[in-house]
Amino acid sequence: MKQVVTSHIEKIRHSDEHTKRWWVIGATTIVMCAVIVLWVMYLTATLPKTSEQKTSTEVVQIETEKTSFLGTLIEGVKITSNNLWNSFRSIGTGFSKGVENAMQYTSKKKEIIIQKAPSETPFIPNNPEPLEPIQLPQ
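What you see is a predicted model, and the numbers here were worked out from it, not measured in a lab.

Draft legend 1. Fine view of the overall build of the protein chain. Broken down by element type, the protein chain carries four helices and zero strands. Starting at the N terminus and walking to the C terminus, you meet the elements of the protein chain as α-α-α-α. A buried classification covers 4% of the 138 residues belonging to the protein chain.

Draft legend 2. Summary view of a nonpolar patch on the surface. On the surface, Trp39, Tyr42, Phe69, Leu70, Leu73 and Ile74 cluster together into a nonpolar patch covering about 620 Å² of accessible area. No other element matches helix α4 (residues 69-107), which puts four residues into the nonpolar patch. For Leu70, the location among the structural elements is in helix α4.

Draft legend 3. A look at the confidence of the model for the protein chain. For the protein chain, the mean per-residue pLDDT works out to 80, and 83% of the residues sit at or above 70. Least confident of the elements in the protein chain is helix α3 (residues 56-64), whose mean pLDDT is 51; most confident is helix α1 (residues 2-13), at 90.

Calculation criteria
- Residues numbered from 1 in each chain as written.
- Predicted model: local features only at pLDDT ≥ 70, side-chain atom pairs only at ≥ 80, totals over all residues.
- Heavy atoms only, no water.
- Helix = DSSP H or I, 4+ residues; strand = E, 2+ residues; numbered from the N terminus.
- Buried < 20%, exposed > 50% of the residue type's maximum accessible area, 1.4 Å probe, protein only.
- Patch = residues over 30% accessible without salt bridge, like charges linked within 9 Å, V, L, I, M, F, W, Y side chains within 5 Å.
- Areas by Shrake-Rupley, 256 points an atom, 1.4 Å probe, with all protein chains shown as cover.
- Salt bridge = Lys/Arg side-chain N within 4 Å of Asp/Glu carboxyl O.
- pLDDT = per-residue confidence, 0-100.

Below is the structure:
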């Protein structure tokens, strides 16, 4: 078996560039498909079921059907779009309430009460020392 594989590899090595390119494309395609299949199997095994949001009849249908990769993607897009829509809706509700509160605040009558400031008494020390007058130069 080893001799057959090595002889086939040697045959590919000695062939022209076109044949080598097709072997590379084919081998890459096969390996990519294997990786994608393993990835889908991993996602199917590890992702939690999202059937809590469904009614009981839908839960039975989802559990009996085997979900495919495309079905999983579609369900994920539905859940994500619903979450985004709810987020946008809550942002819009909060914004409209904020605008409404701002309009109410600006439309109510403002009363400004200006009180006369109490007159300030200058600072006078308790025991002032007498200062001698000093003549300033002229």
